[in-house]
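So the chains spell out like this:
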Amino acid sequence: MPLSAGDRLGPYEILAPIGAGGMGEVYKARDTRLDRTVAIKVSKEQFSQRFEQEARAIATLNHPHICTLYDVGPNYLVMEYIDGQPLLSENKPGPLPLVEALRLATQIADALDAAHRKGVTHRDLKPGNILVTKAGVKLLDFGLARLAHKAPVDGDTVTMAMTNPGTILGTFQYMAPEQLEAKEADARTDLFAFGAVLYEMVTGRKAFEGSSQASLITAIMTSQPPPITPAALDRVVRTCLAKDPEDRWQSARDLKHALELASVGPAILSPAMPSPATRSPAPLGWIAAAVLLVAVAALAFVHLREAPPEQRSVRFQIPPPEKSTLQFFRLSPDGRLLAFTAGDGRLWLRALDSLQAEGLPGTEGATYPFWSPDSAFVGFFAQGKLKKIAASGGPPQIVCDAPNGAGGAWNRDGIILFTPTFTSGLFRVPAAGGLPVQVTAKSISAVSHRYPEFLPDGRHLVYTVLYSGTEESGIYVGSLDGKPPVRLLPDVSNAVYAPPGTAGRSGHLLFRRGDTLMAQPFDLARLRMSGDLFPVAERVGISAYVGLGAFSLSENGTLAYGAGGSTAIQLGWTDRTGKPMGLFGPPGPYNRFRLAPDEKRIAFEYPSLDIGVLDSVRSVTSRLTFDPAVDTVPMWSPDGLRVLWRSNRNGLFDLYIKSANGTGQEELLIKMGAGGSAGWGTDWSRDGRFILYEMPDAKTGQDLWIAPQFGDRKPFPYLQTQFDEQEGRFSPDGKWVAYVSNESGRDEIYVQAFPPSGAKFQVSSGGGSEPQWRMDGTELFYLAADQMLMAVPVKLGRSGSESFQVYVPKPLMALPPAAVPTAPARSYAVSNDGQRFLIPNVAGGGTGPPLTVVLNWQAGLKR
């Protein structure tokens, strides 16, 4: 019996009827406990199998464009009351405005994607089950099909059971061929109905019509509706309405991406994204360039709509901030925002439809940004922590410790996968924070596992193994469950999966080979490469010291790439407060620089992985190595006449030496062997008798070794514990060694006697790295976790437990991030008297190269 105003169903007071159907009625009601308005769907009978199905289906969904289920009664469902209008109203005939239709259609596709990922298929998608509110669309009646009392024609609903084989379920006007044939429906069935709804939205006409049930069924089974404009949207609709489910979009996510691409013109011309008031504006020069960019992009979109399908792509460029460079950058999954770090060391955001970028306060020292899957948060590494920050603004939040993070990824289950140190495997941690758990364990000959990217299922991933000089280097596919990884490619590059786009059904893996961005078909089901590779873009640089290609791909097919973050570095002297005291030579690519004993030269590492020397007095740079091998991490002999570095020119990494003036041949000085992939020289005692270097061990991690330069010269371990010992530096008198250890659970600075006597002193608290001595032995400097340069008064004395004294550390100045944000980082050098510091800063006289953005990069590919 119908209910009236004032009637009660438990705690719910009926206010007014909303509608009725064969299964029951729908009422507007008030929840007397929470004093909120709800909608109640009442069954004519006791809670039926049909209602149980709807309850279970809706209860799994939590999405802004899907109605929310609040409660379940004996024969009723209590749901969110939606104050909205039908998607298509008979009172307002005719098509919706194109921009509005695309906006609402994208929201519908997003809701379907959320439902399908939960295993819920609507099976009765139609305009009557879609309401439009001020906040967008709301999808109703998941899992519901109403019982009909007459032969259904056109828009009527028909059901013969719920899930039994050989039954028809849905609304004829929007039913897919497989439904009409009483075959099992799946997510692609919803996409057919979506295509029919979208066609009606943009044309004002139904996609399929008939004067009878038979003629309507014939139209659905055999015909296609007349074409629509623009052509890109027509292709979206026709792919939805393909008769064979295999020829349709294979997921609502693919459909959503296609709609976003079709919407790119209106998006570019729309007002800029609202910006948090706390962000700082971009320089006017960049804004002027962006105005021109938007105009060019808009013209390109007009051409896109007129071009044939194989040419439908848009290319434009994004300039870097004035007098700066784009370093690390990542597109948001929805393709609307670009997160990047610039020369000032902060994290910036730029909407692709905006005329400016905005810096995020509190992100100083940020590296390796990555996005949450909903594009709402950016993860990054700074001050020895993994952090996240809302794209809409607000303070950063700490997720966990990450002493030297090197890449992260975030899946839809709220798991962040990341590399916590430059010499570790991959770890996982909840995005809300928690204790990291190791996922991949690297072998002794590997440096680390970096640059993870989740595959679409959120359980499998691709990542990079760096780099051993052996055949295990390359791109791997692994999983969160710890199954053995499989090597996919030999390239030392990050890789990202591109879902199928306009080119067809095959997804691709994008990666960098040389300076070319390559793509190769990738079989998601078998997790292996499945076709021929081809170039996508030339002159693609790197965004970090090694491996991280300067490219990014959003889920909707937007690609960004550039020449990378390598830029000219201006070295300059400062006093102990950070006040400039003069430049050190011209700008140049001075990666991992090391100051010579005469304080007039530096040895450094070119981005091309060769060793060079800069003479600051003559402003002359000379190259010491020219071979194709990897030559990195230089340091000086104590007399300043020679340079020592590591190289894999013989297959494995060993330590080589050469005259600093470039004369003579390289000499193999120390053979590190298989463990040298993650090892390098760290210091040379002032008397020339001992070289200190670090090298990993499978059982003990990073260890410090000593190579005598007299007698039999046989190396021996100095510190070899179950913890990592790194960055060793001899005291000026050669009786002590300052080093970094993680024995406390994070990297801290310690001092031990040399030779070891059991005396050990902790110098830092709260994190520390890059220890360096003042040459008179009265101070020890180090870099705190927050990039603050610290000075610690010390007293050396003689070796022994009572002879070394350490006092309270004092902060001097905040330093910019290292030019090469990977181990071993070198952020500063100190003069012999400890009164001046050589600091790298991005040269202020020029601007780095722009990024190229490609919308629908797959458009030129062939099926």
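Located above this text is the structure these notes cover.
So, here's what we can say about the structure. Quick caveat: nothing in here was measured; it's all calculated off a predicted structure.

1. Details of the overall build of the chain
So, step 1. Scanning the chain from terminus to terminus reveals 9 helices and 61 strands.
So, step 2. With 863 residues in all, the chain has 58% of them scored as buried.
So, step 3. Nonlocal contacts in the chain, meaning residues at least 24 apart in sequence, comprise 48% of its contacts between residues at least 6 apart.

2. Notes on the sheet that holds strand 19 (residues 385-390)
So, step 1. The strand order across the open sheet built from 4 strands is 17-18-19-20, with neighbouring strands paired in antiparallel fashion. If you trace the sheet from one side to the other, it starts and ends with strand 17 (367-371) and strand 20 (397-401), each paired once. Going from strand to strand, the sheet's axes swing by 25 degrees on average, the running direction of each strand aside.
So, step 2. Taken together, the 6 bridges between strand 18 (residues 377-382) and strand 19 define a ladder with antiparallel strand orientation. Opposite valine 378, over in strand 19, you have isoleucine 389 as the bridge partner.

3. Considering the side chain of threonine 239
So, step 1. With respect to the secondary-structure elements, threonine 239 resides in helix 6 (residues 231-240).
So, step 2. At a separation of 2.8 Å, a polar atom in the side chain of threonine 239 contacts the main-chain carbonyl oxygen of arginine 235.
So, step 3. Each residue touching threonine 239, except ones within four places of it in the same chain, is listed here: Asp247, Arg248 and Trp249.

4. Quick notes on the sheet that holds strand 43 (residues 642-647)
So, step 1. As summarised here, the arrangement of the 4 strands in space is 42-43-44-45, forming an open sheet in which the pairing is antiparallel. Each end of this open sheet is capped by a strand with a single partner; those strands are strand 42 (631-636) and strand 45 (667-670). Ignoring which end each strand starts from, the neighbouring axes of this sheet average 35 degrees apart.
So, step 2. Relative to strand 43, strand 42 runs antiparallel, the two sharing 4 bridges. From the neighbouring strand, aspartate 631 faces strand 43, where its bridge partner is serine 647.

5. Description of the pattern of salt bridges
It is possible for side chains of opposite charge to pair when their charged atoms get near one another.
So, step 1. A full pass over the atoms with the stated rule returns 35 salt bridges.
So, step 2. Two residues, glutamate 178 and arginine 248, come together in a salt bridge whose shortest N-O distance is 2.8 Å. In this pair, glutamate 178 is assigned in helix 3 (residues 177-180) and arginine 248 in the loop between helix 6 and helix 7 (252-262), connecting sequence segments 70 residues apart.
So, step 3. One continuous salt-bridge network, built from bridges that share partners, spans Asp113, Arg117, Arg253, Arg412 and Glu555.

6. Side note on the pairing of strand 39 (residues 601-605)
So, step 1. For strand 39, the tally of buried residues reaches 5 of 5 residues, placing the bulk of the element in the interior.
So, step 2. Pairing between strand 38 (residues 591-595) and strand 39: 3 bridges, direction antiparallel. What sits directly across from asparagine 591, in strand 39, is glutamate 605.
So, step 3. In the sheet, strand 39 pairs with strand 40 (residues 611-615) via 5 bridges, with the strands oriented antiparallel. Bridging across to strand 40, glutamate 605 finds its partner in isoleucine 611.
So, step 4. The hairpin turn running from strand 39 into strand 40, its antiparallel successor, is 5 residues long, and leucine 609 in that turn takes a positive phi close to 65 degrees.

7. Description of unusual backbone geometry
So, step 1. With an omega of 0 degrees, the peptide bond between threonine 229 and proline 230 qualifies as cis.
So, step 2. Inspection of the secondary structure assignment puts proline 230 in the loop between helix 5 (213-222) and helix 6.
So, step 3. In this model, phenylalanine 754 is joined to proline 755 through a cis peptide bond whose omega is -5 degrees.
So, step 4. Even without glycine at this site, valine 633 takes up a positive phi of about 55 degrees.
So, step 5. For valine 633, a relative accessible area of 1% corresponds to the buried category.
So, step 6. One non-glycine residue with positive phi stands out, namely glutamate 770, at about 50 degrees.
So, step 7. Structurally, glutamate 770 can be placed in strand 54 (residues 768-773).
So, step 8. A residue is classified by how much of its surface remains accessible, and glutamate 770, at 7% relative accessible area, is buried.

8. Thoughts on helix 5
So, step 1. Leu216, Ala219 and Ile220 are the residues of helix 5 that are buried. Take helix 5 and look down its axis: the buried residues cluster within an arc of 95 degrees, on one side only. Projecting away from the buried face of helix 5 at angles above 90 degrees are the exposed residues Ala214 and Thr222.
So, step 2. Here the buried face of helix 5 lies against helix 3 and helix 4 (187-203).

9. Description of the nonpolar core
So, step 1. Counting 49 residues, the largest nonpolar core has Phe194, Leu198, Leu255 and Leu259 as its most contacted members.
So, step 2. Every element with two or more residues in this core is listed here: helix 2 (98-117), strand 8 (130-133), strand 9 (136-139), helix 4, helix 5, helix 6 and helix 7.
So, step 3. The element best represented in this core is helix 4, accounting for 10 residues.

10. Notes on the packing of helix 6 against helix 7
So, step 1. The geometry of helix 6 relative to helix 7 is characterised by a closest axis approach of 9 Å and an angle of 160 degrees between their N-to-C directions. Taken together, the axis directions place helix 6 and helix 7 in an arrangement best described as roughly antiparallel. Remark: the crossing between helix 6 and helix 7 carries left-handed chirality. On the side of helix 6, the interface is formed by Leu233, Val236 and Cys240, while helix 7 contributes Leu255, Ala258 and Leu259.

11. Looking at the packing of aromatic side chains
So, step 1. Going through the model one piece at a time under the given rule, you end up with 24 aromatic pairs.
So, step 2. Note on phenylalanine 690 and phenylalanine 754: the rings are 5.1 Å apart at their centroids and 80 degrees apart in plane angle, and the pair reads as edge-to-face. With phenylalanine 690 in strand 47 (residues 690-697) and phenylalanine 754 in the loop between strand 52 (748-753) and strand 53 (760-762), the pair connects residues that are 64 residues apart, well separated along the chain.
So, step 3. What makes phenylalanine 754 buried here is its relative accessible area of 8%.
So, step 4. What links up through ring pairs into an aromatic cluster is the set Phe328, Tyr368, Phe370, Phe381, Phe418 and Tyr451.
So, step 5. Lying across the ring of tyrosine 70, arginine 36 places its NZ or CZ 3.7 Å from the centre.
So, step 6. In this arrangement the basic side chain of lysine 388 is found over the ring face of phenylalanine 377, its NZ or CZ atom lying 5.5 Å from the centre.

12. Concerning helix 6
So, step 1. Considered for burial, the residues of helix 6 that qualify are Leu233, Asp234, Val236, Val237, Thr239 and Cys240.
So, step 2. Packing partners of the buried residues in helix 6 comprise helix 2, helix 4 and helix 7.

13. Section: the environment of leucine 77
So, step 1. Within the secondary structure, leucine 77 sits in strand 6 (residues 76-80).
So, step 2. C-alpha separation for the pair leucine 77 and isoleucine 40, spaced 37 residues apart in sequence, amounts to 5.6 Å.

14. Thoughts on the packing of helix 4 against helix 6
So, step 1. Running from amino to carboxyl end, helix 4 crosses helix 6 at an angle of 145 degrees, the nearest separation of the two axes being 7 Å. Seen from above, helix 4 lies across helix 6 with left-handed handedness. Contact with helix 4, carried on its side by Leu191, Phe192, Phe194, Gly195, Leu198, Tyr199 and Val202, involves Leu233, Val236, Val237 and Cys240 of helix 6 and no other residues of that element.

Cut-offs applied
- Starting afresh in each chain, residues are numbered from 1 along the sequence in its written order.
- A pLDDT threshold of at least 70 governs which residues receive local features in this predicted model, and a stricter bar of 80 or more applies before side-chain atom pairs are shown or counted, although totals over entire chains, interfaces and linings include all residues.
- To get the side-chain values, take all heavy atoms of the structure and skip hydrogens and water.
- Working definition: helices are DSSP H or I runs of at least four residues, strands are E runs of at least two. Numbering for both runs from the N terminus.
- Note on classification: 1.4 Å probe, protein chains only; a residue is buried when its accessible area is under 20% of the maximum for its type, exposed when over 50%, partly exposed between these limits.
- Whether two residues are in contact is decided by their heavy atoms: any pair within 4.5 Å suffices.
- Strands are labelled as partners when DSSP assigns at least two bridges between them.
- A fitted line through C-alpha atoms serves as each axis, taken over the contacting stretch for helices, and the angle formed by two N-to-C directions is quoted from 0 to 180°.
- Here a polar contact means two N or O atoms within 3.5 Å. Within protein one must be a hydrogen donor candidate and the other an acceptor candidate, and residues neighboring in sequence count only if both atoms are side-chain atoms.
- Salt bridges are identified by distance alone: a Lys or Arg side-chain nitrogen within 4 Å of an Asp or Glu carboxyl oxygen.
- This arc is built from the directions going out from the helix axis to the C-beta atoms.
- To qualify as a nonpolar core, a set must consist of buried Ala, Val, Leu, Ile, Met, Phe, Trp, Tyr and Cys residues joined through side-chain atoms within 4.5 Å.
- Between 65 and 115 degrees an angle is taken as roughly perpendicular, under 35 as roughly parallel, over 145 as roughly antiparallel, and anywhere else as oblique.
- Crossings are sorted by hand: turned counterclockwise from the far helix by less than a right angle, the near helix makes the crossing left-handed, and turned clockwise it makes it right-handed.
- Between 30 and 60 degrees the pair is tilted, below 30 it is stacked and above 60 it is edge-to-face, where a pair is any two Phe, Tyr or Trp rings, Trp via its six-membered ring, whose centres lie within 6.5 Å.
- Remark: a charge is flagged as sitting over a ring if the NZ atom of Lys or the CZ atom of Arg is within 6 Å of the ring centre and within 35 degrees of the ring normal.

By themselves, these are just geometric observations and shouldn't be taken as functional.
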